[in-house]
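Topology and contacts: notes
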Amino acid sequence: MKILQVHNYYRNRGGEDLVLEMEKLMLEKYGHEVIQFVAHNNEINSFSKKIKMLFNFRRSKKFDNLLFNKLTKELPDIVHFHNIYPLLTPSIFSVCKKLNIPIVQTLHNFRMMCINGLFYRNGSICEDCSYKTPYSGLFHKCYRDSYLASFSMTDSLRYHNRKNTWNNDVDAFIVLTEFAKEKFEHYGVSNKKLFVKPNFMPDNETLRISGNKNDYVLYVGRLSKEKGILWLLEAWKSIDVPLIIAGDGPLSSEVVNSNNPNIKYVGLLERNQLSDLYSDASMLVMASEWYEGFPMVIIESLSHGVPVIVPDIGGLGDVINDSINGYVYRSKDIDHFKNRVLSIFFDVQAQNRLSKNSEKSYKDSFSDAINIKTLLDIYRKVIKNNANNFKD
């Protein structure tokens, strides 16, 4: 099968970029040809380009034409879109439809329903714009903290919602959790077009699973408000066990200056260094205050046999089964969180049981051997349906 991946890279490398690249390697590993058509936000490197971008949110003729040329040259069996904003825009789907090439898009966030894609504003969950009226996002400058940028994104979403672009032009959507599927279905995306395919980790990663899982608790991720890092620092004032924090972000200084002898900050680490940290950790903790998509750190942790403690918010409970491969705690409930942490840290039998289950859940659900089957099933179904509709 020949697959064309289409993606708008972010200025700062993130999880969506990693998933795109890992899917390419996975498909090639299993004998498929993958080509790419990508745009990069670092191309927006001047004031004039920023202004031009803001007036092209409905449609980018430049990238529509470039994609048309790519498609007519390569003639892929299917096109798999990932992120399309801000440079590509939803109009780019129509280029594929004109050539009768089937389309799949992975919905990594909630951009279709929310101009910042996060359902998060001023430190709290916000779904004010999820009923096809994103004007609240404009009022609150939710996109790039700018009225002009927020107007452009709002206008684009309203325009393509009125045209029903997503339902009309995209043949199938991949979502990462059942929670996300419910959100998009509620918004009006056809249930028949929604497929759940979680993120994954390659099977050929060399993982060291330690026999001693009682050294410390681990946090890995961006140090920012929505990730709950401030709440975690507050919670750890009452938890007398070692916590290692790995990552970087706007609140890194808060971590450095926490003055908690139980907290060690190691900064942003390379993947092989993180692997060593995972191997001896008793658990990974998350404190997210927003609807996470599907954090790669969860799969990395499970693949090392490390259970994960997550708040009961968004789709995290779709990934972590309480008392099986980790624990779910009541969001922002410090006492409940503390109880969950200590119940693993000081119980060797619980650690061993959860560790074995964590490794098993990775192999059963989040390895590339499992993921490739799910992805190819989606591709084949979409290609078949597209062929039947073309005959009709």
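Going by the structure above, here's the rest.
All of the points below concern the structure found in this document. (Residues numbered from 1 in each chain as written. Predicted model: local features only at pLDDT ≥ 70, side-chain atom pairs only at ≥ 80, totals over all residues. Heavy atoms only, no water.)

As for helix 12 (residues 296-303)
- Where burial is concerned, most of helix 12 is hidden: eight out of the eight residues are buried.
- Of the positions making up helix 12, those classed as buried are Met296, Val297, Ile298, Ile299, Glu300, Ser301, Leu302 and Ser303.
- Remark: Gly305 follows helix 12 within two positions and exhibits a positive phi of approximately 75°. (Buried < 20%, exposed > 50% of the residue type's maximum accessible area, 1.4 Å probe, protein only. Helix = DSSP H or I, 4+ residues; strand = E, 2+ residues; numbered from the N terminus.)

Quick word on the sheet that holds strand 9 (residues 216-220)
- Ordered in space as 11-10-9-12-13-14, the six strands form an open sheet in which the pairing is parallel. Edge positions in the sheet fall to strand 11 (263-267) and strand 14 (326-329), since each of these pairs with one other strand and no more. In this sheet, adjacent strand axes meet at a mean angle of 25° when their direction is disregarded.
- Of the strand pairs in this sheet, strand 12 (residues 281-285) and strand 13 (residues 308-311) are connected by two bridges, and their pairing is parallel. By the bridge assignment for strand 13, Val285 is matched with Ile309.
- Across the face of the sheet, helix 14 (residues 334-345) comes into contact with strand 9, strand 12, strand 13 and strand 14 while running at roughly 165° to strand 14. (Pairing = 2+ DSSP bridges. Axes fitted to C-alpha atoms, helices over the stretch in contact; angles between N-to-C directions. Contact = heavy atoms within 4.5 Å.)

Quick look at the sheet that holds strand 7 (residues 172-175)
- Taken together, six strands build an open sheet; the order of strands is 2-1-3-4-7-8 and the sheet is parallel. Of all strands in the sheet, those with a lone pairing partner are strand 2 (33-40) and strand 8 (194-196), marking the two edges. For this sheet, the mean angle separating the axes of adjacent strands, direction not counted, is 25°.
- Examined bridge by bridge, strand 1 (residues 2-9) and strand 2 share eight bridges and lie parallel to one another. By the bridge assignment, Gln5 is partnered in strand 2 with Gln36.
- Across the sheet, helix 3 (residues 61-74) touches strand 1, strand 2 and strand 3 (78-81), and the angle it forms with strand 2 is around 170°.

Some details on a negative patch on the surface
- On the surface, Glu178, Glu182, Glu185 and Asp318 cluster together into a patch of negative charge.
- The element contributing the most residues to the negative patch is helix 8 (residues 178-187), with three residues.
- Position of Glu185 among the secondary structure elements: in helix 8.
- The exposure class assigned to Glu185 is partly exposed, which follows from its relative accessible area of 36%. (Patch = residues over 30% accessible without salt bridge, like charges linked within 9 Å, V, L, I, M, F, W, Y side chains within 5 Å. Areas by Shrake-Rupley, 256 points an atom, 1.4 Å probe, with all protein chains shown as cover. Salt bridge = Lys/Arg side-chain N within 4 Å of Asp/Glu carboxyl O. Lys, Arg positive; Asp, Glu negative; His and termini not counted. Charge placed at Lys NZ, Arg CZ, Asp CG, Glu CD.)

Observations regarding the packing of aromatic side chains
- Applying the stated criterion to the full structure yields twelve aromatic pairs.
- Taking the centre distance of 5.6 Å and the plane angle of 65° together, the rings of Phe294 and Phe366 count as edge-to-face. Within this pair, whereas Phe294 is found in the loop between strand 12 and helix 12, its partner Phe366 is found in helix 15 (residues 348-366), the two being separated by 72 residues in sequence. Residue Phe294 shares its accessibility class with Phe366, and that shared class is buried.
- Each residue in the set Phe110, Phe119, Phe179, Phe184 and Tyr291 is aromatic and connected to the rest through ring pairs, giving one cluster.
- Lying over the aromatic face of Tyr147, Lys141 brings its terminal NZ or CZ to 5.2 Å of the ring centre. (Phe/Tyr/Trp six-rings, centres within 6.5 Å; stacked < 30°, edge-to-face > 60°. Lys NZ or Arg CZ within 6 Å of the ring centre and 35° of its normal.)

Overview of the state of the cysteines
- Per the counting criterion, the structure on display carries zero disulfides.
- As a non-bridged cysteine, Cys114 has Cys129 as the owner of its nearest cysteine sulfur, 6.2 Å distant.
- In this structure Cys129 is not part of a disulfide, and its nearest cysteine sulfur, from Cys126, lies 6.1 Å away. (Disulfide = S-S within 2.5 Å.)

Observations concerning the pattern of salt bridges
- What the rule picks out here adds up to 18 salt bridges.
- Measuring nitrogen to oxygen at the nearest pair gives 2.6 Å for the salt bridge that ties Lys24 to Glu28. Of this pair, Lys24 and Glu28 are both found in helix 1 (residues 15-29), four residues apart, which corresponds to roughly one turn of the helix.
- Relative accessible area serves as the criterion here: at 22%, Lys24 is assigned to the partly exposed category.
- In this structure Glu28 comes out as partly exposed when scored by relative accessible area, which is 33%.
- When the shortest N-O distance is used, the salt bridge between Lys363 and Glu359 registers 3.3 Å. Pair noted here: Lys363 and Glu359 are both in helix 15, with a separation of four residues, about one helical turn.

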